[in-house]
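If you want the building blocks of each chain, they are given just below.
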Amino acid sequence: MDADKKFEELAQQGLKKFLEKNPDYATHLGLHEPYDYLLPDGSTERLKENLQMMEEWIKQLNENINREELNDEHKIDWEVIEKAYEMWKFDFFELRRHELDPDAFGMLGGLIFIMFTRNYAPFEKRIDAIAARLEKTPKFLEEFRSRFENSQPVKLWTEIAIETAQNMSGLFHFILATTKGKVSDHVYERLAKAVQNLQPALKTHMEWLQGLLQKSKEEWAIGKEKFEKLLKLRELGLSSDEIYQLGIKYLAELKAEREKLAQQIAPGKSVEEVFKQIESNAPKTFEEALEFTRKTMEEARRFVQEKNIATVYPEDVLLVEETPAFLAPVIPFAALMMPAKFDKPQIGIYIVTRPKDPANIGKHLNYPSIKNTAVHEAFPGHFLQGAISNRGSFIRLLAEGTETVEGWAHYCEELMREKGFITDLETRFIQINDMIWRAVRIIVDVKLSRGEMSFEEAVEMLVKEAGMSREAAVAEVKRYTQTPGYQLSYLLGKHLILKLKEEVKQKMGDKFDEKFFHDTITANGYLPISMLRKIFERKISKL
């Protein structure tokens, strides 16, 4: 057997073993049988087993395959596996969030939400699988609690876990109410019984969380040393100080540009007044806003094809629909439901929520915001990149190249302005304002993660510099404390993509083709920029 075939065989064996222990991950991938009916072990033991499986996988590759005999794609896959293993070890042994964050329902709620909202199988079948998972939830919660027998969780994260747990009973009853009359009596009764039997387990879990709060600790920041190690593992090529300085530089430049734009749009008016003016430039009804969103996303798709910006596959479809009433409470504005890795065809749904008060339509559904959203979320942004990257190896998902995924959508906003899809000053104003928010995210992410900024200081900065409401800023900062290094990925990712583009241009000279550059990124969208650079080097060397 040649090296590439052997690699594929070992890859499939590795995936099968991993999914047996992590059926929740299979659901996210779009592999549903028999996984949708199962839950993983909730204890630390499973996390240890995942590390052992990864170690065994690498050992098998080293013992059975000569890396040099592999094709370029498999060489990259092998590197992804090795780097993912290093990151998993760092997460488990150094960050240790599994014993600091007692939120069991983040994973469980997200899983049930996917099964409820993604239309990958008949509703009846999905509800039956949800019932099966709810039946197994008491055991999962008991296993999960064992993680904290000898650890001191973070107080803030324990408070978030309590809040999440309090919402769970409501979510399950909400699913039950929505399901009535839409599935067979047998499946409805199974779900009703599972929800009912879960109540004592939820009560026990809530009491446990309240008790845990008493022994929790204040400190959640990972500190400068671990933060630097995290950035090195991600191979971003910059220290946290350099990234912080980039954030400061961008914030100053962007604020000056926004001020200039405000004067061009409405001379003598303040930034706040320009916002109000933009919000008034909106469709009169929600139906018009939905239709304009649909039309603009379709126009963006056509523009990308006609201007030869990137490859678009005709079978990849993004539908635009109103958020179903049952989902409106959990999706206040809009959401992109990406197709899963193994979905065929790749069909995404962009759902838009009807504002409770029609007078608020201009807040999020004004014409300039819709136009920018079409570019960022649909074409050539997240949907295009995700649908094409899903055609590649499943191993690439382990890479978690956040700066490429988030940076690409951000890069596309400016790209589509340069190409002439966005021509008006008001949409540019919205873009600049979003960039200001992302510059603030860089500053806050670095300072918070290193333990140099308090929670309250971070909230105040988002309110002052990004114009957020206090409520929204508090929710943002809660998430930032749990995801060090993620928030800086947006603007930094765009910055790194532009830098990579200049490098590729210099190396290719007259042969540089922008579509080639974009297609290489969309096909490898899950990879970090450091690996994308290697792919470009290999491709260029073969020209």
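Thresholds applied
Residues numbered from 1 in each chain as written. Predicted model: local features only at pLDDT ≥ 70, side-chain atom pairs only at ≥ 80, totals over all residues. Heavy atoms only, no water. Pairing = 2+ DSSP bridges. Helix = DSSP H or I, 4+ residues; strand = E, 2+ residues; numbered from the N terminus. Salt bridge = Lys/Arg side-chain N within 4 Å of Asp/Glu carboxyl O. Buried < 20%, exposed > 50% of the residue type's maximum accessible area, 1.4 Å probe, protein only. Polar contact = N/O pair within 3.5 Å; in protein donor to acceptor, adjacent residues only side chain to side chain. Contact = heavy atoms within 4.5 Å.

S.K.: Can you walk me through the pairing of strand E3 (residues 347–352) in this structure?
M.R.: The side chains of a regular strand alternate, first on one face of the sheet and then on the other. With six bridges connecting them, strand E1 (residues 317–322) and E3 associate as parallel partners. Bridge pairing in E3 places Glu322 opposite Val352. Pairing analysis gives four bridges linking strand E2 (residues 334–337) to E3, with the strands arranged antiparallel. Bridging across to E3, Met337 finds its partner in Ile349.

S.K.: For this particular structure, what's the right way to read the pattern of salt bridges?
M.R.: Any two side chains of opposite charge can pair, given that their charged atoms come close. Under the criterion given, the structure shown has 51 salt bridges. The salt bridge partner of Arg294 is Glu291, with a shortest N-O separation of 2.8 Å. On the criterion of helical spacing, the pair formed by Arg294 and Glu291 is a turn pair, its members being three residues apart in helix H12 (residues 286–306). For the salt bridge of Glu452 with Arg450, the shortest nitrogen-to-oxygen distance reads 2.9 Å. For Glu452, a relative accessible area of 37% gives the class partly exposed.

S.K.: Is there a simple way to explain the side chain of Asp519 in this structure?
M.R.: Along the chain, the position of Asp519 falls in helix H21 (residues 514–523). A polar side-chain atom of Asp519 sits 2.7 Å from a polar atom in the side chain of Thr311.

S.K.: Looking at this model, I keep getting lost on the environment of Glu82. Mind explaining?
M.R.: With respect to the helices, strands and loops of the structure, Glu82 is situated in helix H4 (residues 72–95). Using a relative accessible area of 25% as the deciding quantity, one classes Glu82 as partly exposed. Sequence separation between Glu82 and Leu398 is 316 residues, and the spatial gap between their C-alpha atoms is 9.9 Å. Among all residues touching Glu82, those that are not within four sequence positions of it are Ile58 and Arg67. Here the side chain of Glu82 touches Arg67 through a polar contact of 2.6 Å, side chain to side chain.

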